[in-house]
Amino acid sequence: IVTLPYNMLMSKSAREALGISLKDHVVVIDEAHNLIQTLLDMHSVTITSSILSSLRGALVTYFTKFKNRFKGSNAQYLRQLLLVLKALSAFVDEWGAKGEKEKMMSVNEVVKEMKGSVDQVNMIKLDRYLKESHIARKIGGYLDLLEEEKTPAGRQAARSNATRNLHRIQAFLVSLTNATGDGRILLNAERVPSASGTGGPTRVEVTMKYMLLAPSESFREVAEEARSVVLAGGTMAPMSDFKEQLFPYLPIERFSTFSCGHIVAPDRVTTVAVAKGPTGIKLNFTFDNRKDEKLIDEMGLAILNISTVVPKGVVVFVPSKDFLAQIQTRWEKSGFLEKLGKRKKIFWEPKERVDVDPTLREYAAANKGDQHGAILFAVVDAKLSEGINFADDMARAVIIVGIPYPSRHSTEIKERMAYLNSQPRSSTLPKGKDPGMVLYQNMAFRGVNQSIGRAIRHQFDWAAIVLLDERYTMPNNQAQLPAWLGSDVKSPPTFGGVMKESLASHEPPAEDENPFESLFDSPTLSQGSSGSTPESDSLTSSRFAEMSLGDNAQTPAEHTLKKMKAEAEEAKKVYKDKMAKMEAFAAKKEVLDPKRAIVWTTVERVWDADASEIGGGGKETEVQIRGVLNQIETLFSNDVIKAKRACKSFVYCWEPKIVENRSEAEAWNPVKVLGAFVTTK
């Protein structure tokens, strides 16, 4: 098994340098919802007129100083590089002088506009020379001749900057060799202060960005060389993008998808789409509506009401950073923030990444103990919407405000949509929708689904998902949500219905409704061995009676357990109805197998017994058992959640697979198994 990051997997040169071959191997890509964007970003590159100008100066200095020492081929390639840089500089200067703000061009159009003999330069060979000669580092070493920096640190920074810029230019030149249909070049012009500083004359800065539009060709080499490719993730839906953009050339029989339900039971998640606010105003947060202060105030009232019935942490995701700043400003002005702050402590997504961890620590602390909890406002597809674990009281509700569609005015988005619409139509596309519109829809809902996934982080977690926009009541939009909640979205006609029928009834699952819960709340975990009761001992013994330890028990501990089994036969009759309830619950909820639960209670019974009795008075056995209990106490003290997980993990460890045969598994001393489990943890 070889693990490596995306960029090293996708780069053939990186794989070759590491000695990694994909032939006949299985490639598994986790967090694959990011794969398409990662490919687009890896093969897109941006340069500016300033970079071109400074790099040309550095290259001229280097070439002039060492031209008499170069071999013929070296001098030839450097002259070609100077020719290309000169042509690119002339092109951007000429375009910038036209006064245009923005323009999208094909690769062929840009190459034709570049003057000189650029079309005679073999960019592939030039790129190979630049890589093999390490010329970027050499040129960077002489850039300080052009700089006014006097300190070593300043000169080092200048050299590093030159090296990075040449690598960027190199990547841009390689992009000019791509098929003209695979990408576009976006030009932008803006006026910036000249070198003399602010307040003086300005100059035009031109930015050129090569945008990859066809990620399939960049990934095709990996897909065709490997035996199989598995794209995995918790928020892959909607999945049509992967077929349309990554594998359009594959026959449909070679492309398959699989998704499963969530780890939690359906009754631990409540999902509700809210169409109207508390005063009856329709909630529709389109881009044009977001400036409506009445709508912002209505949203605030809805969040305040939801925060009243939801205990502990609430996380609110909004469509954009601008909208987040807008609602903060409005609510500060209206005094609403003070009212909301009396209900829950308010946190905002920080502007700087270095402030994320401190903010999360403070937010987590505000959700502990007897406090009302906190509310955190964040942005979809930003710092807190991916990779953050809002488990348990960190998020008893996640509120999604609006649908975060990207800007339809974005030149890049429009170009990607136009490119997909120009490709042959796939049979997997929904009827009545073009590929570009499907992309546009999927970009929004992938962000929504990623934000929803911040809650419900383990099997015992529970939360409410509140979709605050009337468009979420539409079946076609609900179909874009994760399959594990898409079919169970409630849409009460009024906000009162939302509060009464949906959220008010969404309370922590009652412990006494699950007969298995007693298995994970052993008195010995919190009270010590003296905390057991006669009823718990008898019930534990009756469960234990269902498990065979075999007839060849030899150790004192096994002898005691055998005696316990005999004593349990009578108790089993008394508690037969409780066993039936457990089995019925297991069949209905598809939770722990009763036999596995019984195995755990065997160990629980050992804990409740006196250590000297189990060990037959032997100090060695007593020390062993006490050591196990001490390790458990150290690992799980004052943490009920971890204790419950540990219990379930131990139950799952009791499988015949861990030993050679079933009889050996059944004859194992539970204390030894438990000791091995704790040591492994």
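What comes next concerns the included structure. (Residues numbered from 1 in each chain as written. Predicted model: local features only at pLDDT ≥ 70, side-chain atom pairs only at ≥ 80, totals over all residues. Heavy atoms only, no water.)

A word on the overall build of the protein chain
Inference 1: From N to C terminus, the protein chain includes 30 helices and 13 strands.
Inference 2: By the burial criterion, 47% of the 681 residues in the protein chain qualify as buried.
Inference 3: As displayed, the protein chain offers around 35300 Å² of accessible surface, 50% of which is attributable to carbon and sulfur atoms. (Helix = DSSP H or I, 4+ residues; strand = E, 2+ residues; numbered from the N terminus. Buried < 20%, exposed > 50% of the residue type's maximum accessible area, 1.4 Å probe, protein only. Areas by Shrake-Rupley, 256 points an atom, 1.4 Å probe, with all protein chains shown as cover.)

Quick look at a negative patch on the surface
Inference 1: Taken together, the side chains of Asp30, Glu31, Asp381 and Glu386 define an acidic patch exposed on the protein surface.
Inference 2: Of note, Glu386 is situated in the loop between strand E10 (374–379) and strand E11 (397–401). (Patch = residues over 30% accessible without salt bridge, like charges linked within 9 Å, V, L, I, M, F, W, Y side chains within 5 Å. Salt bridge = Lys/Arg side-chain N within 4 Å of Asp/Glu carboxyl O. Lys, Arg positive; Asp, Glu negative; His and termini not counted. Charge placed at Lys NZ, Arg CZ, Asp CG, Glu CD.)

Examining the packing of aromatic side chains
Inference 1: Applying the stated criterion across every chain, the model contains eleven aromatic pairs.
Inference 2: Taken together, a centroid distance of 6.2 Å and an interplanar angle of 85 degrees make the contact between Phe445 and Tyr472 edge-to-face. Pair noted here: Phe445 is in helix H17 (residues 435–452) and Tyr472 is in the loop between strand E12 (463–468) and helix H18 (475–478), with a separation of 27 residues, a long-range link. Across this residue pair, the class does not change: Phe445 and Tyr472 are buried.
Inference 3: Above the face of the Tyr249 ring, Arg220 is positioned so that its terminal group lies 3.9 Å from the ring centre.
Inference 4: Sitting above the plane of the Tyr440 ring, Arg408 keeps its charged end 4.8 Å from the centroid. (Phe/Tyr/Trp six-rings, centres within 6.5 Å; stacked < 30°, edge-to-face > 60°. Lys NZ or Arg CZ within 6 Å of the ring centre and 35° of its normal.)

Notes on the sheet that holds strand E9 (residues 345–348)
By way of backbone hydrogen bonds, the strands of a sheet pair with one another, either parallel or antiparallel.
Inference 1: With parallel pairing, the seven strands of this open sheet are ordered in space as E9-E10-E8-E11-E12-E7-E13. Whereas interior strands pair on both sides, the edge strands pair on one side only; in this sheet they are E9 and strand E13 (489–490).
Inference 2: Relative to E12, strand E7 (residues 269–274) is paired through six bridges, and the arrangement is parallel. Following the sheet pairing, Thr270 is matched in E12 by Ala464.
Inference 3: Contacts from helix H13 (residues 321–334) reach strand E8 (314–318), E9, E10 and E11 within the one sheet, and its direction differs from that of E10 by about 140 degrees.
Inference 4: Contacting E8, E9 and E10, helix H15 (residues 356–366) runs over the sheet at an angle of about 160 degrees to E9. (Pairing = 2+ DSSP bridges. Contact = heavy atoms within 4.5 Å. Axes fitted to C-alpha atoms, helices over the stretch in contact; angles between N-to-C directions.)

Details of the nonpolar core
Inference 1: Within the largest apolar cluster, 70 residues are counted, with the highest numbers of intra-cluster contacts made by Ile29, Met208 and Phe219.
Inference 2: Sorting elements by how many residues they give to this core places helix H5 (residues 72–96) first, with twelve residues.
Inference 3: Discounting chain neighbours no more than four positions away, the residues touching Phe219 are Met10, Ile29, Leu35, Leu39, Val229, Leu246 and Phe247. (Core = buried A, V, L, I, M, F, W, Y, C linked by side-chain atoms within 4.5 Å.)

Quick word on the pattern of salt bridges
Inference 1: A full pass over the atoms with the stated rule returns 15 salt bridges.
Inference 2: The closest approach of N and O atoms between Glu225 and Arg15, which form a salt bridge, is 3.9 Å. Of the two residues, Glu225 is situated in helix H10 (residues 215–225) and Arg15 in helix H2 (residues 12–18); the sequence distance between them amounts to 210 residues.
Inference 3: For Glu225, a relative accessible area of 30% puts it in the partly exposed group.
Inference 4: When the shortest N-O distance is used, the salt bridge between Arg184 and Glu415 registers 3.0 Å. Taken together, the residues Arg184 in strand E4 (residues 183–193) and Glu415 in helix H16 (residues 411–422) connect sequence positions 231 residues apart. Of the two residues examined, Arg184 and Glu415, each falls in the buried class.

Considerations on the sheet that holds strand E3 (residues 102–105)
Inference 1: Read across the open sheet, the four strands follow the order E2-E5-E4-E3; overall the sheet is antiparallel. Looking at strand neighbours, the two that pair on one side only are strand E2 (45–48) and E3, the edges of this open sheet. Taking each pair of neighbouring strands and ignoring which way they run, the sheet shows an average axis angle of 20 degrees.
Inference 2: Two strands pair when backbone bridges link them, and E2 and strand E5 (residues 202–212) are joined in this way by four bridges, in the antiparallel orientation. When the bridges of E5 are listed, Ile47 appears paired with Met208.
Inference 3: On top of the sheet, H5 reaches E2, E3, E4 and E5; it is set at about 115 degrees to E5, its chief contact.

Focus: the side chain of Lys243
Inference 1: In this structure, Lys243 sits in helix H11 (residues 240–246).
Inference 2: Within the local environment of Lys243, its side chain forms a polar contact with the backbone oxygen of Phe247, the two atoms lying 3.1 Å apart. (Polar contact = N/O pair within 3.5 Å; in protein donor to acceptor, adjacent residues only side chain to side chain.)

Focus: the packing of helix H12 (residues 293–309) against H13
Inference 1: Here H12 crosses H13 at 85 degrees, and the two axes come no closer than 10 Å. Classified by the interaxial angle, the pair formed by H12 and H13 is roughly perpendicular. Contact with H12, carried on its side by Glu293, Ile296, Asp297, Met299, Gly300 and Ile303, involves Phe323, Gln326, Ile327, Arg330 and Trp331 of H13 and no other residues of that element.
Inference 2: Looking at the contact of H12 with H13 residue by residue, the class counts come to six nonpolar, two polar and three charged. (Parallel < 35°, antiparallel > 145°, perpendicular 65-115°, else oblique. Nonpolar A, V, L, I, M, F, W, Y, C, P; charged D, E, K, R; others polar.)

Structural notes on the environment of Asn34
Inference 1: Relative to the helices and strands, Asn34 resides in the loop between strand E1 (26–29) and helix H3 (35–42).
Inference 2: Note on Asn34: relative accessible area 25%, which makes it partly exposed.
Inference 3: Put simply, Asn34 and Thr235 are 201 residues apart on the chain and 9.9 Å apart in space, counted from C-alpha to C-alpha.
Inference 4: Residues contacting Asn34, with those up to four places away along its chain left out, are Tyr6 and Glu386.

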